[in-house]
Amino acid sequence: MFRFGVDYYPEQWPEERWEADVQLMSEAGFNVVRLAEFAWAKMEPEQGVFDFDWLDRVIDVFHKRGISVVLGTPTASPPPWLAHKNPDILRVREDGLRVAYGSRRTNCPNHPIYRECSRNITTAMAEHFANHQAVIGWQTDNEFGDRCYCDICQKEFQTWLQNRYVTLDELNSIWGTVFWSHIYNEWCQIPLPLSTLGAPPNPSLSLDFRRFVSDAYVSFQQEQIEILRSKCPTHFITHDMMGFGYGGLDYFNIAKPLDFVSWNNYPFGFWHQLEYTPASPALSHAAMRGLKSKNFWVMEQQAGPSGWQTLSSTPRPGVLRLWAYQSIAHGADGIVFFRWRTARFGAEQYWHGLLEHDGRAGRRYHEIKQMGEELKRVGDQIFGAEIKSKVAILQSYDSRFAFQVQGNSAEFSYEKHLTQIYTALWKRNISVDVVSPTVELSKYDLVIAPALHVLTDDLAANLRNYVRAGGTLVVTPRTGVKDIANVVVNQPLPGLLADVCGVIVEEYDAIATGLPQAIIFDVDDLAGQTLPVQAWCDILAPQGADVIAHYVNDYYASKPAATWNQFGQGDAIYLGALGTDAFYESVFGWLLKQKNIQSDIEAPAGVEVSERWQANQCIYFILNFTDSPQSINLPGAYRNLLDTTIVSGTIQVGSNNLLILGSRL
Ligand code: GLA
């Protein structure tokens, strides 16, 4: 069933209030709550002394109302007794300083005592709640992340390296430790990439350290999963991730053992406020869906103005509901708002919930209650409906890690580059899967590999086979530069993909800000268009590919800037420069036309059209993110699923409002 609910912290409110809260939730149409992911100190007030009575009582209140419960293991915020007795469970930062107790995520994920205590609380919870009828599933921890550089991590890292390289000769040779005389004679000599090293560490060490940290969270999570699977075999297990914007962990690996992925969607989170466009949550939805190529939940959907010390602006009427429907449009089968009532105390007093600080159910509550009523009608029709995409963008955490170590250009950001490309497609209402470069690609008409920096033989073979069999691949600068060890390849770029692209990079230029450079296209509709480029220019030397664009300025004026190559049954396009938004909009506008990929329903700028498919029945979500009503010309007649009327011709969608239509009649 479609899950709709809220994150609730009963431990933060008087027990007398619980009934009233649960009644309001029930009236809002909520059928699920997430509880307890920050309640370790309430559930285990002293080491080994467990108290679940309060949680039993509140879960019973939910159960009576038919509201199901997802429990979070509370390990993202260890209680004071644990840190006080064992101060070295506290994390050490990249600058070598140990963090102090008093916030959250302050612990080392590898510390044996922290791990033992995490297993203990997980076991106690799992045993206690295994058979409670209201409990349906688990969230492991909360938003894994943050690197620790403590002595324990250093030892674990050395062991991790030993498992990976087996011999020091192998590690020394692969990492190139002869550089700056770092040839290691013993595993215990291998340092951590601390910022206090002064000049940068060996990039191979730095990339492996990021992999090691990611694996540490995978193994930490695995300990909880094994407990939960054995004690609660009928419950699902998920984890709440941080969307595309977070690149600290390899989310593909974190997602692997989960039943489905969840993520926390704050379009107006304080870190997004300046850059917000509706394409950014859309990209995160695609990336989170792509972790398992499966529908997902939003475990924390923004419920009001956000902020810790300072606040974001207040989401305008309709906006919270619109964002939540956008999540559904991109494959969410569960929406859980963060949080129920705005906290009066603690670090998140200004991160607003659906209810005000004083418990009033105001405008935000009523907006979401309306959505609850709507979902009672359409939720089951939508639940499980798939997203079908003809276009894929490949994202690689290895490449992200490598760019974190060496940014290549101060003007370049992998995340921004991928966002620009995604946004160009989003603006044309083209459904995109954001997937691992390891997935089977044959179902896609178009595959874009933005800056696929770390390229292995296996990945290159996957792309080569895709193109050979008839696919179209788009490659951008800084692709194929590094091998798995973060060492520059010993061949012309784009390295292992040079044959597929029919081109090599003769020279490149990380152009300084403000230096004008542009390219002129020579192909089809783009012919004669001059488009500004920025940050990076690859000067190309075709090896069989046709030139489709050349540079305009500087010593490489008239040199090839983009190429097109037929390879097997398919083709590969090499875009040699990084562009502005307008560049990607033009280029992908042209390519989509070539490939005959288009949205069924056209919409004006600022209106998103997304599709989900229930067998062969399409459900269209038409989402108006603009401040004024917008007209859409429908190519046929459709049932409006929210009010069951039939609509056709030109229809209006209100500002910050939406339509959900069924298949064309
Ligand atoms: C995250 C966390 C929540 C809460 C919100 C708001 O997504 O998972 O616990 O802190 O942010 O800050």
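Preceding this section is the structure that the text describes.
Residues numbered from 1 in each chain as written. Predicted model: local features only at pLDDT ≥ 70, side-chain atom pairs only at ≥ 80, totals over all residues. Heavy atoms only, no water.

**Focus on the overall build of the chain**
Part 1 of the reasoning: When helices and strands are counted, the chain shows 17 helices and 27 strands.
Part 2 of the reasoning: Relative to the 2.2 N^0.38 estimate, which gives 26 Å for 665 residues, the radius of gyration of the chain is 26 Å and therefore close to what a compact globule would have.
Part 3 of the reasoning: In the chain, which comprises 665 residues, the share counted as buried stands at 60%.
Part 4 of the reasoning: Long-range contacts, defined here as pairs at least 24 residues apart, represent 72% of the contacts in the chain between residues at least 6 apart.
Part 5 of the reasoning: Of the accessible surface of the chain, which amounts to about 25300 Å², a share of 50% is contributed by carbon and sulfur atoms.
Part 6 of the reasoning: Computing the positive centroid from 54 side-chain charges and the negative centroid from 73, the chain places the two 5 Å apart. (Helix = DSSP H or I, 4+ residues; strand = E, 2+ residues; numbered from the N terminus. Rg over C-alpha atoms; globule rule 2.2 N^0.38 Å. Buried < 20%, exposed > 50% of the residue type's maximum accessible area, 1.4 Å probe, protein only. Contact = heavy atoms within 4.5 Å. Areas by Shrake-Rupley, 256 points an atom, 1.4 Å probe, with all protein chains shown as cover. Lys, Arg positive; Asp, Glu negative; His and termini not counted. Charge placed at Lys NZ, Arg CZ, Asp CG, Glu CD.)

**Side note on the site of the ligand**
Part 1 of the reasoning: Close contacts around the ligand come from Phe 38, Arg 104, Asn 142, Glu 143, Asp 240, Asn 264, Tyr 266, Glu 300, Trp 308, Phe 338, Glu 348 and Trp 351, and that covers them all.
Part 2 of the reasoning: In this structure, an oxygen atom belonging to the ligand sits 2.8 Å away from a side-chain N or O atom of Arg 104.
Part 3 of the reasoning: Between Asn 142 and the ligand, the recorded distance is 2.8 Å, taken from a side-chain N or O atom to an oxygen atom.
Part 4 of the reasoning: For the ligand, whose accessible area on its own is 310 Å², the fraction buried by protein is 97%.
Part 5 of the reasoning: Its residues placed into classes, the shell around the ligand shows 5 nonpolar, 2 polar and 5 charged. (Near = heavy atom within 4 Å. Polar contact = N/O pair within 3.5 Å; in protein donor to acceptor, adjacent residues only side chain to side chain. Nonpolar A, V, L, I, M, F, W, Y, C, P; charged D, E, K, R; others polar.)

**A look at the sheet that holds strand β22 (residues 617-624)**
Part 1 of the reasoning: The strand order across the open sheet built from 5 strands is β21-β22-β27-β24-β25, with neighbouring strands paired in antiparallel fashion. Among the strands making up the open sheet, the edge pair consists of β21 (607-614) and β25 (646-647).
Part 2 of the reasoning: As judged from the 5 bridges shared by β22 and strand β27 (residues 657-664), these two strands associate in the antiparallel manner. Bridging across to β27, Leu 623 finds its partner in Leu 658.
Part 3 of the reasoning: Lying over the sheet, helix α11 (residues 319-329) contacts β21, β22 and β27, oriented at roughly 150° with respect to β22. (Pairing = 2+ DSSP bridges. Axes fitted to C-alpha atoms, helices over the stretch in contact; angles between N-to-C directions.)

**A closer look at the packing of helix α6 (residues 151-165) against helix α8 (residues 203-231)**
Part 1 of the reasoning: Two elements in contact, α6 and α8, have axes whose closest approach is 10 Å; the angle formed by their N-to-C orientations is 105°. Classed by the angle they form, the pair α6 and α8 counts as roughly perpendicular. Here α6 contributes Cys 153, Glu 156, Phe 157, Trp 160, Leu 161, Arg 164 and Tyr 165 to the contact with α8, which in turn contributes Leu 205, Asp 208, Phe 209, Arg 211, Phe 212 and Asp 215.
Part 2 of the reasoning: A class-by-class count of the residues in the contact of α6 with α8 yields 8 nonpolar, no polar and 5 charged. (Parallel < 35°, antiparallel > 145°, perpendicular 65-115°, else oblique.)

**Points about the pattern of salt bridges**
Oppositely charged side chains are able to pair whenever their charged atoms sit close together.
Part 1 of the reasoning: The full count for this structure, using the stated rule, is 27 salt bridges.
Part 2 of the reasoning: For Glu 356, the salt bridge goes to Arg 364, with nearest N and O atoms at 3.3 Å. Arg 364 carries the same exposure label as Glu 356, and that label is buried.
Part 3 of the reasoning: A salt bridge links Asp 499 to Arg 464; its shortest N-O distance comes to 2.9 Å. (Salt bridge = Lys/Arg side-chain N within 4 Å of Asp/Glu carboxyl O.)

**Some words on the nonpolar core**
Part 1 of the reasoning: Grouped together as the largest cluster of nonpolar side chains are 175 residues, with contacts concentrated most on Leu 35, Leu 71 and Phe 337.
Part 2 of the reasoning: For this core, the element with the most residues is α8, which contributes 11 residues.
Part 3 of the reasoning: Leaving out residues up to four positions away in the same chain, Leu 71 has contacts with Leu 35, Ala 36, Leu 55, Ile 59, Met 125, Phe 129, Val 135, Gly 137, Trp 138 and Gln 139.
Part 4 of the reasoning: With 28 residues, the next largest nonpolar core counts Ala 392, Val 435, Leu 441 and Val 481 among its residues. (Core = buried A, V, L, I, M, F, W, Y, C linked by side-chain atoms within 4.5 Å.)

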